[in-house]
Amino acid sequence: MTKGNDRMSDAPLGDVLLSKGRYHARLATSDADIAAAQALRTLCFRTSQLDQDDFDQSCAHILVEDLRTGALVCCFRMLVLDGGSEICRSYSAQFYDLAAMRSFDGRMVEMGRFCIHQGCNDADILRVAWGAMTAFVDQNDIQMLFGCSSFAGTETDEYLDAFAMLKHRHLGPKRWLPRVKAPNVFRFAARLRRKPDAKKAMLRMPPLLRTYLMMGGWVSDHAVVDDNLNTLHVFTGLEIGAIPPARKRLLRAVAG
């Protein structure tokens, strides 16, 4: 797959990672595929300009399509790093001081720009996406998955229970914890004193982040206010070796 600064076109492309029910997940094979992903991202993130950046050229792009209609319903991109020494190349490094992760020994992949078409509410889409991610991780001997998990909007008030839950149960280990780098952040771990309402917290937790947490993922102690994408996001890490065995079996059953 992609490595170092290789372009998408240099990777072995065209593989369907998995097919389940009415959906399949595959790697992008052309500029047109990447353009379709960018168009879906623009729609989902509601940006005024096409959502594209330099990272698109060094990532593998995964597309989830509806086999009945051919429509693109979900997409995300994966940037493979050979180890923590390359963490500064990641998209997340623009917003977080990731110096503590430079000592991580093992291949890593940054999953980014994850989005599901707003008109699609089928839970199988998320399952297929995670199945494809699992297949990609296994095929590339990945030891850590990481990225930015986003809350819609930049106001914190409606997410206070969710942030309180992250503080009390899901903060990352000190040896990997990112430090503040972005100019505008919400230091929820330091500021929040409330006991989270578990039901409200999970209702307001983004589906992608909720899935990370169920697998043993962890987050930074602060959220970045991203005015460009109109989101709040937390750095999210998941050590593959820490995923509970039962959860791994479920993921691999989907990845099949």
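Just above, that's the structure.
Residues numbered from 1 in each chain as written. Predicted model: local features only at pLDDT ≥ 70, side-chain atom pairs only at ≥ 80, totals over all residues. Heavy atoms only, no water.

Engineer: Please clarify how the overall build of the protein should be interpreted in this entry.
Structural biologist: Counting its regular elements, the protein contains seven helices and eleven strands. The C-alpha atoms of the protein give 17 Å as radius of gyration, which agrees with the globular expectation for 256 residues (18 Å, within 12%). Along the first, second and third principal axes, the C-alpha atoms of the protein reach 50 × 40 × 40 Å. For the protein, the proportion of its 256 residues judged to be buried stands at 54%. Pairs at least 24 residues apart make up 74% of the contacts formed inside the protein by residues separated by at least 6 positions. Split by element, the accessible area of the protein, about 12000 Å² in all, is 48% carbon and sulfur. If the 33 positive side-chain charges of the protein are averaged to one point and the 29 negative ones to another, these points end up 9 Å apart. (Helix = DSSP H or I, 4+ residues; strand = E, 2+ residues; numbered from the N terminus. Rg over C-alpha atoms; globule rule 2.2 N^0.38 Å. Buried < 20%, exposed > 50% of the residue type's maximum accessible area, 1.4 Å probe, protein only. Contact = heavy atoms within 4.5 Å. Areas by Shrake-Rupley, 256 points an atom, 1.4 Å probe, with all protein chains shown as cover. Lys, Arg positive; Asp, Glu negative; His and termini not counted. Charge placed at Lys NZ, Arg CZ, Asp CG, Glu CD.)

Engineer: Teacher, can you tell me more about the packing of aromatic side chains here?
Structural biologist: Each aromatic ring pair is characterised by the separation of its centres together with the angle its planes make. Applying the stated criterion across every chain yields a total of 13 aromatic pairs. Each ring, one from W130 and one from Y212, has its centre 5.3 Å from the other, and the planes form 90 degrees; the classification is edge-to-face. Residue W130 is found in helix α2 (residues 123-139), and its partner Y212 is found in helix α6 (residues 207-214); the two are separated by 82 residues along the sequence. Like Y212, W130 is buried. Relative to F235, the ring of W218 has its centre 5.9 Å away and its plane inclined at 40 degrees; by these criteria the two rings are tilted. Remark: F235 occurs in strand β11 (residues 231-239) and W218 occurs in strand β10 (residues 218-226); sequence separation between them is 17 residues. No difference in accessibility class separates W218 from F235, as the two residues are buried. Three or more aromatic residues joined by ring pairs form one cluster here, namely F151, Y159, F163, F186 and F188. Its end group placed over the ring of Y91, R77 keeps NZ or CZ at 5.6 Å from the ring centre. (Phe/Tyr/Trp six-rings, centres within 6.5 Å; stacked < 30°, edge-to-face > 60°. Lys NZ or Arg CZ within 6 Å of the ring centre and 35° of its normal.)

Engineer: What should I look at first to understand the packing of α2 against helix α7 (residues 245-255) in this one?
Structural biologist: The relative placement of two packed helices is expressed as an angle between their axes plus a distance between the axes. Packing of α2 against α7 leaves a shortest axis separation of 8 Å and a crossing angle of 95 degrees. One way to sum up the angle between α2 and α7 is to call them roughly perpendicular. When α2 is examined against α7, the residues R127, W130, G131, T134, A135 and D138 are found in contact with a partner set consisting of L251, R252, V254 and A255. Residues belonging to the contact of α2 with α7 are distributed by class as follows: five nonpolar, two polar and three charged. (Axes fitted to C-alpha atoms, helices over the stretch in contact; angles between N-to-C directions. Parallel < 35°, antiparallel > 145°, perpendicular 65-115°, else oblique. Nonpolar A, V, L, I, M, F, W, Y, C, P; charged D, E, K, R; others polar.)

Engineer: Mind showing me how you'd approach the side chain of T47 here?
Structural biologist: One can find T47 in the loop between α1 (31-45) and β3 (60-66). For T47, a relative accessible area of 17% puts it in the buried group. At 2.7 Å, the side chain of T47 forms a polar contact with the backbone oxygen of Q49. With near-sequence residues (within four places) excluded, T47 lies in contact with T42, N228 and L229. (Polar contact = N/O pair within 3.5 Å; in protein donor to acceptor, adjacent residues only side chain to side chain.)

Engineer: Before we go on, may I ask you to explain the sheet that holds strand β4 (residues 72-81) in this structure?
Structural biologist: In any sheet, the strands associate via hydrogen bonds between backbone groups, in a parallel or an antiparallel arrangement. Read from one edge to the other, the open sheet built from nine strands follows the order β1-β2-β3-β4-β6-β7-β11-β10-β9, with strand pairing classed as mixed. Each end of this open sheet is capped by a strand with a single partner; those strands are β1 (16-20) and β9 (185-186). Both β3 and β4 contribute to a ladder of six bridges, which runs antiparallel. Paired with L63 across the bridge in β4 is C75. Set on the sheet, helix α3 (residues 160-169) makes contact with β7 (144-152), β9, β10 and β11; between it and β7 the angle comes to about 155 degrees. (Pairing = 2+ DSSP bridges.)

Engineer: It is not clear to me how the pairing of strand β6 (residues 108-116) should be interpreted in this structure. Could you clarify?
Structural biologist: Regular strands place their side chains on alternate faces of the sheet. Burial of β6 is extensive: eight of the nine residues sit out of reach of the surface. In terms of strand pairing, β6 meets β7 through three bridges, oriented parallel. Among the inter-strand pairings, E110 is bridged to a residue of β7, identified as F146. Once you follow β6 into α2 and on to β7, the crossover reads as right-handed. (Right-handed = clockwise from strand over helix to strand, strands pointing away.)

Engineer: Mind showing me how you'd approach the pairing of β1 here?
Structural biologist: With four bridges connecting them, β1 and strand β2 (residues 23-27) associate as antiparallel partners. Paired with V16 across the strands is R26, a residue of β2. The antiparallel hairpin formed by β1 and β2 contains two residues in its connecting segment, where G21 sits at a positive phi of about 60 degrees.

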